[in-house]
Amino acid sequence: MMTTSAKALLVDDEPDICELLAITLRRMGVESDTAGTVAAARAALAGNAYGLCLTDMRLPDGDGLDLVTHIQATYPNTPVAVITAHGSIEAAIQALKNGAFDFVTKPVDLTVLRRLVTTALRLSDQRVEGHSRLIGESSALTELKARIAKLARSQAPVYILGESGTGKELAARMIHEQGPRSSQPFVPVNCGAIPPDLMESEFFGHRKGSFTGAVADKPGLFQAAHGGTLFLDEVAELPLAMQVKLLRAIQEKSVRPVGSQTEVKVDVRILSATHKDLAALVKHGQFRQDLYYRINVICLQVPPLRERPQDIPPLVDHVLARLADAAGTQRPRVAPEAMQDLLRYGFPGNVRELENILERAMTLCEDHVIGADDLQLKGGDGPELKSYLDEAEKRKIMDALDQTKGNRTAAARLLGISFRSLRYRLEKLGL
């Protein structure tokens, strides 16, 4: 039983459904009021504070979508979920676009309902300040942070669009951390890094003996993210055959492990990202339109660094402090002319490129001062110095790998960079 003083508003013109919902909630320790029309629901909302509203889509005097819009505008701190007819996925998606927290289909699965109520009331009780790891105060970044905070209160699938290196995974983590699933797992997966023949097993798990090498039961990524968030990075890399299975798992909220005769219910929020133009891929038949509409309920655009140059100085301070702390050395300062070069540079690789540039500059600089020549933004003294820089970077990486006995994750930690950044360097340097 939940210990909460929150109250729910149930809106449905069928008394039997209202009674079933009310009994289920009461067993969870949640009392509820009922309303059979949009007008009655509006009146109840005006006179009471609710921790959750659950409304049917079809009401005698209006549409559940109108009630969702009204609650979003007038009572933004009240999560509202909708009840839709089975198979009406388009209506459910429209409700999410209008600001609904989540949806449940008829006939109502009470287990799904209980999870929805628990998550919604956790959201109502949350007092999250939204600690941000996105560094900077530009208008573009301030707007992004505000949008992330709003999306964190929903369960709608979010499609995060942005160039490579802009921080799409960081945005996804912030959505998770500021939402009601923050105490549950955040599971990131790079869809382009899984071999196609292992993809189904990785996503959905497998049973012992289901194929050569399956020596034990193994849960998949969906099961690992149960109760939390599954982040599908580089979702455009999924083969078409896997896209079909992924769509079904998202719609049915269940997965069938390879070699199993039964399905497993899963409760995950789907966030996805890519630097590619998914709409163009859909147009050319390389990405399924139905999956595109399912994961792209709400789109979050992460701006490139060149569109927010005023964020470069605080980012430089933050990155250098982190690198110096990891290396156990004094933080270098950036000479004025070097900072001017950074402010003029276009950063095609965005924040990740800035991190790489600063790390290399720290290796080269003398007397803890990074000069313009140390940045090497435009070729500087030509290929000879570039070759020297590459060799210096190779030695540093190889030393870290030697110290960690080839463990790349530990080596990245030792170097003070992300695993992805280390992998990028290894590929770039041909290691």
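Just so it is clear, the structure is predicted and the values come from calculations on it, not from any experiment.

Participant: Talk me through the sheet that holds strand β8 (residues 158–161); I want residue IDs and the actual numbers.
Facilitator: The five strands are arranged β9-β10-β13-β8-β14 in an open sheet whose pairing can be described as parallel. Because the sheet does not close on itself, it has two edges, and the strands there are β9 (186–190) and β14 (298–301). Averaged over all adjacent pairs, the angle separating strand axes in this sheet is 20°, with direction ignored. With five bridges joining them, strand β10 (residues 229–233) and strand β13 (residues 269–274) adopt parallel strand pairing. Paired with L232 across the bridge in β13 is S272.

Participant: I'd love a proper account of the confidence of the model for the protein, names of residues and values included.
Facilitator: Reading predicted coordinates in detail is not appropriate for stretches of low pLDDT. For the protein, the mean per-residue pLDDT works out to 87, and 93% of the residues sit at or above 70. Mean pLDDT across the secondary structure elements of the protein bottoms out at helix α17 (residues 383–403), with 73, and peaks at β10, with 96. Across residues 127–131, where pLDDT falls below 50, the model places three contacts with residues more than four positions away in sequence or in other chains. Per-residue pLDDT stays below 50 along residues 379–383; that stretch engages in one contact with residues further than four places along the chain or on separate chains.

Participant: Help me get a handle on the state of the cysteines, residues and values and all.
Facilitator: Note: disulfide means a covalent bond formed between the sulfur atoms of two cysteine side chains. This structure, assessed with the given rule, holds zero disulfides. Cysteine C53 is unpaired, with the sulfur of C18 as its nearest cysteine sulfur at 11 Å. A relative accessible area of 0% means that C53 is categorised as buried.

Participant: Give me the lowdown on helix α15 (residues 350–364), citing residues and values where you can.
Facilitator: Counted at 1.5 Å a residue, the expected span for α15 with its 15 residues is 21 Å, and the 21 Å between its end C-alpha atoms agrees. Counting buried residues in α15 gives 12 out of 15 residues, a clear majority hidden from the surface. Of the residues making up α15, those classed as buried are N350, V351, E353, L354, N356, I357, L358, E359, R360, A361, M362 and L364.

Participant: Pulling in residues and values, what's your account of the nonpolar core?
Facilitator: Grouped together as the largest cluster of nonpolar side chains are 44 residues, with contacts concentrated most on L9, V11, I148, I160, I175 and L300. L305, V316, I357 and I370 belong to the second largest nonpolar core, which has 35 residues in total.

Participant: I'd like to hear about the side chain of T274, residue by residue, with values.
Facilitator: Examined against the element boundaries, T274 turns out to sit in strand β13. Judged by relative accessible area, T274 falls into the buried class, the value being 0%. Among the polar contacts listed, one links the side chain of T274 to the side chain of E234, at a separation of 3.4 Å. Only 3.1 Å separates the side chain of T274 from the backbone nitrogen of K276, close enough to count as a polar contact. Those residues within four positions of T274 in sequence are excluded, and the remaining contacts are Y159, I160, L161, G162, K168, E234, V235 and A236.

Participant: With reference to specific residues and values, describe the environment of D61.
Facilitator: One can find D61 in the loop between β4 (58–59) and β5 (62–63). By relative accessible area, D61 is classed as partly exposed at 40%. In sequence terms D61 and F103 are 42 residues apart; their C-alpha atoms lie 21 Å from each other. With sequence-adjacent residues up to four places away left out, D61 is seen in contact with T37, V38 and A39. In terms of polar contacts, D61 uses its side chain to reach the backbone amide nitrogen of A39, at 3.0 Å.

Conventions used here
Residues numbered from 1 in each chain as written. Predicted model: local features only at pLDDT ≥ 70, side-chain atom pairs only at ≥ 80, totals over all residues. Heavy atoms only, no water. Pairing = 2+ DSSP bridges. Helix = DSSP H or I, 4+ residues; strand = E, 2+ residues; numbered from the N terminus. Axes fitted to C-alpha atoms, helices over the stretch in contact; angles between N-to-C directions. pLDDT = per-residue confidence, 0-100. Contact = heavy atoms within 4.5 Å. Disulfide = S-S within 2.5 Å. Buried < 20%, exposed > 50% of the residue type's maximum accessible area, 1.4 Å probe, protein only. Expected span 1.5 Å × (residues − 1). Core = buried A, V, L, I, M, F, W, Y, C linked by side-chain atoms within 4.5 Å. Polar contact = N/O pair within 3.5 Å; in protein donor to acceptor, adjacent residues only side chain to side chain.

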